[in-house]
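If you want the building blocks of each chain, they are given just below.
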Amino acid sequence: MRLGKSSRRAPWMVRGLLSALTIAALVGATPSSTLGATSAPDKDPEKQLAALSKRAAALEKDYRGRIEILRDLNESAARATADAARRNGELDAARVQIRGLVAGSYMSGGPASMPVVLNSDGSSLREAVALEYLARNSDRRVRDIATLAVAAQKSRRAAQSKIDSVRREIAALEGKRGKVRRLLAKYKAESAKAGRPDGVGGKTKSPLVGNYMTPRMRKVLLEIDGKFGPFPTIGCYRAGDPQDHGSGRACDFMESTAGRMPSASATAHGDSVAKYVVANASRLGIKYIIWRQRIWDSRSGSGWRQMENRGGITQNHMDHPHVSVL
């Protein structure tokens, strides 16, 4: 398709916009084809996440409780998918506006100097009008749709990358079911009893919040407190928590309070606690420990893993090692 003289004389910035990216975005191409991709569009990210969530739920049931690293990855993928959907919506709305502008330009006179071969579906006409309009109107709306097209494609790729991470993690965990079954058989599930646990009352070095835990958690609490205490506070049972704090299987060994970052010496102290728990995990029946936005999980057997950013000092466990037992 040849351009008329007015298009050939377009400024260099406008010529830059006359790319396959912008043309395709204007005439309604998908984000992948907008960037010249030749592969088929990805599956619906929401459907992929729904299928993976079912597999994750089955794993958590078999693995006796929440798998934190997997839950974090899944939530991150869900956020990325929502962001991709939002950006695609913005791009679709911009396309509608630009199509209206292009149609108006054509109906008001059209590019008389530009020869057009009209295909049966009218695609050549739409491309020609789009090119002519771009050549004459280097305005913000035209630039914005090119930017939106790139942003939408990046968001979709980011979402797919997160979903692929969830899929890989699930596959790895599913491959370790035999090992985990043996681990759980060694440490039978325990239930907590209401009231202050025997052997704890008056014997801890540290203030205790939530005096309701399983015998295994009580043993771990007393051992850690006896070796490393006193801590500013130790928080165990938490009413309403659907996971280990709510079932008496977890305690937080605080290195600072009020959401403040611990001092260098307190951080080193927390490092020592974490190292000790990992070294004695098999003897103590440790399920996992989280400390400084990293997790060590006995069920995955993959050492320390970096976790997703949860948004705060306490949420990221920068101020306390969290210890959960089987």
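That block above? That's the structure.
Conventions used here
The written sequence of each chain sets the order in which its residues are numbered from 1. In view of the model being predicted, local features appear only for residues whose pLDDT reaches at least 70, and side-chain atom pairs are presented and counted only at 80 or more, with totals across whole chains, interfaces and linings using the full set of residues. Side-chain descriptors were evaluated using all non-hydrogen atoms of the structure, hydrogens and water having been removed beforehand. Every helix listed is a DSSP run of H or I at least four residues long, and every strand listed is a run of E at least two residues long, numbered separately from the N terminus. Partly exposed describes any residue whose relative accessible area lies between the buried limit of under 20% and the exposed limit of over 50%, with all areas from a 1.4 Å probe on protein chains only and scaled to the type maximum. The protein chains shown are the only cover counted for residues, whose accessible areas, like all others here, come from Shrake-Rupley with a 1.4 Å probe. Residues adjacent in sequence count toward polar contacts only when both atoms are side-chain atoms; beyond that, a polar contact is any pair of N or O atoms within 3.5 Å, and within protein one must be able to donate a hydrogen and the other to accept it. Throughout, a contact is declared for two residues whenever any of their heavy atoms are within 4.5 Å. Only strands that DSSP links by at least two bridges are regarded as paired with each other. Note on geometry: axes are lines fitted to C-alpha atoms, helical ones only across the stretch in contact, with angles between N-to-C directions running from 0 to 180 degrees. As used here, the term nonpolar core means buried Ala, Val, Leu, Ile, Met, Phe, Trp, Tyr and Cys residues forming a set that is joined through side-chain atoms within 4.5 Å. In this description, a disulfide is simply a cysteine sulfur pair whose atoms lie within 2.5 Å.

A. Molecular detail of the overall build of the protein chain. Within the protein chain, the secondary structure is distributed over 12 helices and seven strands. Burial statistics for the protein chain: of 326 residues in total, 47% are counted as buried. A total accessible area of about 16,300 Å² is found for the protein chain, and carbon and sulfur atoms account for 54% of it.

B. How the structure looks around the side chain of Arg-177. In this structure, Arg-177 sits in helix α9 (residues 177-186). A distance of 2.9 Å separates the side chain of Arg-177 from the side chain of Asp-62, its partner in a polar contact. Among all residues touching Arg-177, those that are not within four sequence positions of it are Ala-58, Leu-59, Asp-62 and Tyr-63.

C. How the structure looks around the sheet that holds strand β7 (residues 322-325). In space, the seven strands of this open sheet follow the order β1-β2-β3-β7-β4-β5-β6, with mixed pairing throughout. Where the open sheet ends on each side, the last strands, each with one partner, are β1 (208-209) and β6 (304-306). Strand direction decides the pairing type here: strand β2 (residues 233-235) and strand β3 (residues 250-254), joined by three bridges, are antiparallel. If you follow Gly-235 over to β3, its bridge partner there is Asp-252. On top of the sheet, helix α10 (residues 215-228) reaches β1, β2, β3, β4 (286-291) and β7; it is set at about 145° to β7, its chief contact. Helix α11 (residues 264-279) contacts β4, β5 (294-297), β6 and β7 of the sheet and is inclined by roughly 160° relative to β4.

D. Just the nonpolar core, in detail. Membership of the largest hydrophobic core comes to 24 residues, with the highest contact counts inside it found for Val-220, Ile-224, Ile-234, Phe-253, Ile-286 and Val-323. Sort the elements by how many residues they give to this core and α10 lands first, with five residues. Apart from residues no more than four positions distant in its own chain, Ile-286 is found in contact with Val-220, Val-277, Ala-281, Trp-296, Ser-298, Val-323, Ser-324, Val-325 and Leu-326. Tyr-63, Tyr-288, Ile-290 and Leu-326 belong to the second largest nonpolar core, which has 23 residues in total.

E. Geometry of the state of the cysteines. The tally for this structure, following the rule as stated, stands at one disulfide. Put simply, Cys-236 and Cys-251 are joined by a disulfide, and their sulfur atoms are 2.0 Å apart. Sign of the S-S torsion, about 105° for the bond between Cys-236 and Cys-251, identifies this disulfide as right-handed. Here Cys-236 is found in the loop between β2 and β3, whereas its partner Cys-251 is found in strand β3, with 15 residues between them in sequence.

F. Molecular detail of the pairing of β4. Here β4 lies mainly inside the structure; six of its six residues are buried. Pairing of β4 with β7 involves four bridges; the strand directions are antiparallel. Across the sheet, Ile-290 pairs through a bridge with His-322, a residue of β7. By the bridge criterion, four bridges tie β4 to β5 in an arrangement that is antiparallel. Residue pairing across strands places Trp-291 opposite Arg-294, the latter belonging to β5. Following β4, the chain reverses through two residues before pairing antiparallel with β5; Arg-292 in that reversal takes a positive phi of roughly 60°.

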